[in-house]
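Each chain, letter by letter, is given below.
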Amino acid sequence: MSESETPVVRSVTRTDERILASDVFQARTRALPPRNGTGVHREPERTVPVYHRSDVLVVGGGPSGCAAAVAAARAGAEVALLERYNHLGGLATGGLVIWIDRMTDWAGRPVIRGFAEEVLARFPGEAVAGPQPAEWGSRDPARVAYWRQRTAAFHGIVAWSPTIDPERLKCVSQAMLLEAGVRLVLHGWAAAPIVAEGRVGGVLFESKAGRQALIAKVVVDATGDGDLFARAGAEFDTDIEEGDVHHSMNTAFLLGGVDMSRWLEFRGGEPQQFAAFMQLGRERLGFFQPPYVSWRNDVALFLGPRQSGLSALDVDDMTEVEIRSHRFMAEHCEFFRAHAPGFERAYMLQSAPQLGVRHTRRLAGVARIERGQWSAGVALDDEIGVSPSVSPKFPVISVPYGALVPRRLEGLLACGRHISCDANSHGFLREIPQCWLTGQAAGAAAALAANAGIEPRAVDIRQLQRVLLAQHVYLRDRGEQPATTAQAQ
Ligand SMILES: Cc1cc2nc3c(=O)[nH]c(=O)nc-3n(C[C@H](O)[C@H](O)[C@H](O)COP(=O)(O)OP(=O)(O)OC[C@H]3O[C@@H](n4cnc5c(N)ncnc54)[C@H](O)[C@@H]3O)c2cc1C
């Protein structure tokens, strides 16, 4: 590795206030030459055929979009979902983010339920790896030691945070949407929202058939990057928390042909050799990151090396991350094969077809989840879900409906990793279970608004909460009294 390839590393002091604190790794050089475009090109005006009309249009088929589409359809709306790729699941499938983060609180009670529970309940045992319910919340040192190495114990407590087969999640998501009667549109890129007088009424999308329109009474922006609300003129935030992983990018990859039990024996049982291995990896490769377990012993999951200082709204930066990440995959495969116990016969199984983007824009909503709220533990009046907190020193966190509603723009709701929150809270609100949670709420609310012919911001919050409870979402009574789903119905 030459001097120019050594990353700039800024060490971050670790605290238990971040779901994933991270040192910052920034490259010194770029693979791409600068672009040479200048001037402008004027696009002629044109009329566009209407492809489909629906009550609710969900744009983006990631975790939040899938949950939104199913929730809206079950709440009585006619629903269409537009997705640019050939599959559903977003980063959780195409991004190979197959570690579903915590859905239990620190006592082991499941708090992210509803769609999250249903989707995982459809998985056959062979397609999911994680602790059984009896172990959730366990502080037994032996069980904690076992699960800590397998993505499911944090702060000395076993949690429900399994790893899954991404192909199974594609199939389950697709089955759930089709069963609910959602009109799927794959291979379509939402190019622009249709906006008139401050209200979104659909999107223009591009496909092999050219530009067409999808018209809807309510649009749910589940693109992850706020593509629609940003282009429709809604306010948004872009600031980051530097010491948190939440702003870094990379393309994840899987190595096959490995023996993860052997690797974990080495990692946990031979600390000095492991430290030497890590040091050698950093010296040789610069950008270097060890793997996580997956749902199979013969597949290793690499959710890095993470890269900072780049924007997923800049196509050159995105290209740069792809070029580097593919290089890193080949280098990691070779290095691990040569030096890591359990990786002697490793091969490059797959790099993610979707770029790993953790953060771009966040909606500036009617409400905003902020760091100052973490200690309160209060069930907000407009609670639409409950998130686990980042550490046992905080109670669970109430997610308000207002975090999905733009301050001024009408006809649109946001869900998923671009909801309204501060940069600190984005660290955990962007996780897959939280995206299922906000997606389900956005979908149910969009259906209520479309059915009643009102704006999303005018939805009756009690009616929305009743719909969510009927869809097995965990909500609390105001004043923080925990209520079970069955009681609340
Ligand atoms: C490397 C990495 C590691 C992570 N680790 C974890 C982890 O361990 N555990 C965890 O729970 N979470 C993790 N996350 C976070 C989590 O994966 C995402 O935040 C979550 O998937 C976001 O869901 P979403 O539905 O909001 O967006 P996405 O999953 O990004 O889905 C958005 C969907 O919208 C589609 N789309 C976007 N724009 C358009 C458009 N203009 N037209 C049509 N379709 C469009 C995309 O193709 C995509 O399918 C990680 C993320 C990354 C990148």
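Please read these numbers as outputs of a predicted model, since none were measured by experiment. (Residues numbered from 1 in each chain as written. Predicted model: local features only at pLDDT ≥ 70, side-chain atom pairs only at ≥ 80, totals over all residues. Heavy atoms only, no water.)

Take the domain arrangement of the protein chain next. How big an interface is tends to be stated in terms of the accessible area lost upon association of its parts. On domain assignment, one finds that the protein chain holds domain 1 (49-123 + 165-248 + 358-489) and domain 2 (249-356). Each of domain 1 and domain 2 has a C-alpha centre, and these two points are 30 Å apart. Of the roughly 1800 Å² buried between domain 1 and domain 2 on both sides combined, carbon and sulfur atoms contribute 66%. It is Leu96, Ser248 and Arg358 in domain 1 that bury the most area against domain 2; as a group they hold 30% of the surface buried on that side. If you look at where domain 1 meets domain 2, you find zero salt bridges. Considering only residue class, the side of domain 1 that touches domain 2 consists of eight nonpolar, seven polar and three charged. (Domains from an automatic or database assignment. Buried area = accessible area lost by both parts, 1.4 Å probe. Salt bridge = Lys/Arg side-chain N within 4 Å of Asp/Glu carboxyl O. Nonpolar A, V, L, I, M, F, W, Y, C, P; charged D, E, K, R; others polar.)

A few words on the pattern of salt bridges. Across all of its chains, the model carries 29 salt bridges by this definition. Among the salt bridges present, the one from Arg74 reaches Glu118, with a minimum N-O distance of 2.7 Å. Taken together, the residues Arg74 in helix α1 (residues 63-74) and Glu118 in helix α2 (residues 115-121) connect sequence positions 44 residues apart. The residue Asp239 makes a salt bridge to Arg362 at a minimum N-O spacing of 2.8 Å. (Helix = DSSP H or I, 4+ residues; strand = E, 2+ residues; numbered from the N terminus.)

Summed over all chains, the structure comprises 27 aromatic pairs. Where Trp263 meets Phe274, the ring centres are 5.9 Å apart and the plane angle is 70°; that geometry is what we call edge-to-face. Residue Trp263 is found in helix α6 (residues 260-269), and its partner Phe274 is found in helix α7 (residues 271-285); the two are separated by eleven residues along the sequence. As far as the burial class goes, Trp263 and Phe274 line up, both buried. Three or more aromatic residues joined by ring pairs form one cluster here, namely Phe253, Trp263, Phe266, Phe274, Phe277, Phe288, Phe302, Phe335, Phe336 and Phe343. Seen from the ring of Tyr146, Arg143 lies directly overhead, with NZ or CZ sitting 4.9 Å from the centre. (Phe/Tyr/Trp six-rings, centres within 6.5 Å; stacked < 30°, edge-to-face > 60°. Buried < 20%, exposed > 50% of the residue type's maximum accessible area, 1.4 Å probe, protein only. Lys NZ or Arg CZ within 6 Å of the ring centre and 35° of its normal.)

Before going further, it helps to examine empty space enclosed by the protein. Evaluated as defined, the whole model comprises two cavities of 30 Å³ or more. Approximately 70 Å³ is the volume found for the largest cavity. Considering the residues around the largest cavity, the lining is formed by 13 residues, among which Arg113, Leu437, Gln440, Val473 and Tyr474 are closest to the centre. Where the lining of the largest cavity is concerned, the elements lending two or more residues are β21 (383-387) and α10 (432-452). Along the lines of polarity and charge, the residues of the lining of the largest cavity split into nine nonpolar, three polar and one charged. (1 Å grid on protein atoms, 1.4 Å probe; cavity = no way out; pocket = protein on both sides within 12 Å on 5 of 7 lines; lining within 4 Å. Points joined across faces, edges and corners; volume = space filled by probe spheres on them.)

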